Amino acid sequence: MTSPHRVRHPLPLASWPTREAAGRARWFSPIRIGRQLTAAERTWVPAMVPWRATDDGFVTSEVLEWYARFAEGQPGVLVVEATGIRDIASGPLLRIGDDRFIPGLRALVETVRERSRGRTRLFIQILDFVTVRRRPEPERFFARYLEITDSLRGQLALWLDDPRWREAPETDVREFLAAADRVTIETVLTDRELEALDYGYRERVWDMHLPHIRELPRVLPGFFAEAAGRARAAGFDGVELHYAHAYTMASFLSRLNSRADGYGGSRENRVRLPLEALEAVRARVGDDYVVGIRYLGDEVVDGGSDLDDAIWFGVRFAAAGVDYLSVSKGGRFEDAKQPKIGEAVYPYTGASGYECMPTVLSDHRGPFGRNVPLAAAIRHAIRDAGFQTPLVTSGGIATFEQAEGILERGEADCVAAARQTLADPDWFRKIRLGYGDLVRRCEFTNYCEGLDQRHKQVTCKLWDRKFDSGDHPSVRLASDGRRRLGPPSWSPPGEAGADARAG
Ligand SMILES: Cc1cc2nc3c(=O)[nH]c(=O)nc-3n(C[C@H](O)[C@H](O)[C@H](O)COP(=O)(O)O)c2cc1C
Ligand code: SF4
């Protein structure tokens, strides 16, 4: 069978503007976001989790340094990584579910303000997620995790044609299943039990038999609102509600959401909770504070929401007074690859994962600007409906010409780049100052994403790896001691500390 991702695409040719031409560029022109805020330019760094927080969700010096380096490139907007709104253990993911997180977040705000010289507007992405467990050892699964129900006993009795299994003691059932062949397992387990065995236990927002899932509509607006209040208290310029990818709110918006409590099924019902959370956030932070939404222009999974849904949701969000919409694509669990035993399923694998972070190994369309048509269609519908809400697009954007073209054609209002900015956080500044030829260009082969998948400190393979750590005591290394933790520094040629060819 022919793989859909067989063509290796070259990086798009880039001709960089002079300083004067950059000064006239749309990408470097200001934009109003919300009632009061102006971003100095339409360059944008979307959320990227670098796995640098403490295990209990606090800001570390590595987190500060990560954002400081992005701030030095002086993008118009920098969005801090997905940050958990609940006060629950979430590994080294930033958290904002309690006031004790505010001081660290405030330090982050101050760092970005100082290192961008006040030029960069800083938003924080806030999210909720439901439980996803690692893929278990089969022995442990059958010994402990699998619930031995009457219905399972009944399946065994039918399959083995032996009614005694209906009364069998739990330990006998467990022992039998642990030693059973695959056909038996596939026959007697439900699809969800089989999934828990093969992929790891994963909850859905439509698992109405689970009380904590049933009550999501009751608790989430409050969690989002309190988190947004803390973001404001910490000094962020705005908050971005994470309604994209594999997480709770994207699942409410999904066409797969079959909840029968008024929060699933029709579009009107699926958008209800996301709108209620937006409304609660707005009531908490006020009209003058930026509240944006990141959501999917297309889920790219069978039976999931598509662009038609996204257009409809976008107009609803705009009508409800959201201050910007950032459109992403895919990144769902439904089609994720099977993880290794002991690892958790990762939503950026599979077809929908590919669409979220496309690589150069692609189909005929290639990865570059691949998601722009989604943002463009949503933007046109929103304008037709009479709203001026700014739209942000991202996905495989790596040159000045791409970004200018998108703005010129009215496909988006801001142009975001995640991996290209990771490869070279100074790239916006280099272009603006007329040093575009010094941009260290992302290769779009997703070494960084592989690290993210294993929850390892994210770095870029292009950051200088030839140095000997003994020669550079000031260079921080990742915890495995083998990778540079931050990109090389850069100053314009002629300025103190210049290392112009560092890239
Ligand atoms: C390491 C890494 C972490 C990411 N973390 C997030 C995240 O926390 N929230 C989010 O909405 N998107 C996240 N993304 C997706 C990016 O924001 C972006 O949508 C995607 O990489 C496509 O844009 P690009 O082609 O410019 O990289 C992440 C991407 C990478 C590479
Ligand atoms: S690791 Fe690869 S894909 Fe990721 S930012 Fe660096 S060059 Fe780009």
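What you are looking at is a predicted structure, and each value in this text was computed from that prediction instead of being measured.

Asks: So what exactly am I meant to see when it comes to the site of ligand 2 here?
Replies: In the neighbourhood of ligand 2, 13 residues make up the surrounding shell, with Arg-419, Cys-442, Tyr-447, Cys-448 and Cys-460 lying closest. For the shell around ligand 2, the secondary structure elements donating two or more residues are α18 (419-423) and α20 (447-453). Broken down by element, the residue count for the shell around ligand 2 peaks at 3 residues, all from α18. Grouping the constituent residues of the shell around ligand 2 by class yields 8 nonpolar, 2 polar and 3 charged.

Asks: Which parts of the structure should I look at to understand the sheet that holds strand β5 (residues 77-84)?
Replies: Note on sheets: strands pair through backbone hydrogen bonds, and any given pair is parallel or antiparallel. The parallel closed barrel is built from 8 strands, whose spatial order is β4-β5-β6-β7-β8-β9-β11-β12. Sheet twist, expressed as the mean angle between neighbouring strand axes with direction ignored, is 25°. Where strand β11 (residues 391-393) meets strand β12 (residues 414-416), 2 bridges bridge the pair, whose relative direction is parallel. Residue pairing in the sheet places Val-392 in a bridge with Cys-414 of β12.

Asks: Hey, could you run me through the packing of helix α2 (residues 61-72) against helix α3 (residues 102-115) in this one?
Replies: Each pair of packed helices can be described by the angle between their axes along with the distance between the axes. The contact between α2 and α3 brings their axes to 8 Å, and the two run at 30°. What the angle tells us is that α2 and α3 run roughly parallel. You can see that α2 and α3 cross each other, and the crossing is right-handed. Touching Val-63, Leu-64, Tyr-67, Ala-68, Ala-71 and Glu-72 of α2 are Ala-107, Leu-108, Thr-111, Val-112 and Arg-115, all from α3. Split by residue class, the contact of α2 with α3 holds 8 nonpolar, 1 polar and 2 charged.

Asks: Just to check I follow, could you spell out the site of ligand 1 for this structure?
Replies: Close to ligand 1 lie 25 residues; Pro-46, Ala-47, Ala-82, Ala-418 and Arg-419 are nearest. Elements represented by at least two residues in the shell around ligand 1 include exactly β5, α18 and α20. Among the elements that take part in the shell around ligand 1, α20 stands out by supplying 3 residues, more than any other. Classifying every residue of the shell around ligand 1 gives 13 nonpolar, 7 polar and 5 charged.

Asks: Hey, could you run me through the nonpolar core in this one?
Replies: A general trend in soluble globular proteins is that nonpolar side chains are found buried together. Counting residues in each nonpolar core, the largest one holds 121 residues, and the members touching the most others are Ile-126, Phe-224, Val-239, Leu-241 and Val-415. Per element, the largest residue contribution to this core is 9 residues, and it comes from helix α10 (residues 216-234). If you look at the next biggest cluster of nonpolar residues, it comprises 6 residues, including Phe-141, Leu-146, Ala-196 and Leu-197.

Asks: Is there a simple way to think about unusual backbone geometry in this case?
Replies: Excluding glycine, most residues fall at negative phi; most peptide bonds, likewise, are trans. A positive phi angle is found at Trp-51, which is not glycine, with a value near 55°. With respect to the helices and strands, Trp-51 occurs in the loop between β4 (43-45) and α2. Since 21 C-beta atoms lie within 10 Å of it, Trp-51 is described here as buried. Phi at His-455 takes a positive value of approximately 55°, unusual for a residue other than glycine. Mapped onto the secondary structure, His-455 falls in the segment after α20. Taking the number of C-beta atoms within 10 Å as the measure of exposure, His-455 has 15 and is therefore partly exposed.

Asks: Help me understand the pairing of strand β6 (residues 121-127) in this model?
Replies: Where a strand is regular, its side chains alternate between the two sheet faces. Within β6, 7 of the 7 residues are buried, which leaves the element mostly enclosed by the surrounding structure. Residues Arg-121, Phe-123, Gln-125 and Leu-127 point to one face of β6 and Leu-122, Ile-124 and Ile-126 to the other, with burial holding for every one of them. Relative to β6, β5 is paired through 6 bridges, and the arrangement is parallel. Note on β6: the bridge partner recorded for Gly-84 is Leu-127. Handedness of the crossover is the feature at issue here: the chain leaves β5, passes through α3, returns alongside β6, and the resulting connection is right-handed. Of the strand pairs in this sheet, β6 and strand β7 (residues 238-243) are connected by 4 bridges, and their pairing is parallel. For Ile-126, the partnering residue across the bridge sits in β7 and is Leu-241.

Cut-offs applied
- Residues numbered from 1 in each chain as written.
- Chains lettered and ligands numbered in written order.
- Predicted model: local features only at pLDDT ≥ 70, side-chain atom pairs only at ≥ 80, totals over all residues.
- Near = placed C-beta within 6 Å.
- Helix = DSSP H or I, 4+ residues; strand = E, 2+ residues; numbered from the N terminus.
- Nonpolar A, V, L, I, M, F, W, Y, C, P; charged D, E, K, R; others polar.
- Pairing = 2+ DSSP bridges.
- Axes fitted to C-alpha atoms, helices over the stretch in contact; angles between N-to-C directions.
- Parallel < 35°, antiparallel > 145°, perpendicular 65-115°, else oblique.
- Left-handed = near helix turned anticlockwise from the far one by under 90°.
- Contact = placed C-beta atoms within 7 Å.
- Core = buried A, V, L, I, M, F, W, Y, C linked by C-beta atoms within 7 Å.
- Buried ≥ 20, exposed ≤ 12 C-beta atoms within 10 Å, placed from the backbone.
- Right-handed = clockwise from strand over helix to strand, strands pointing away.

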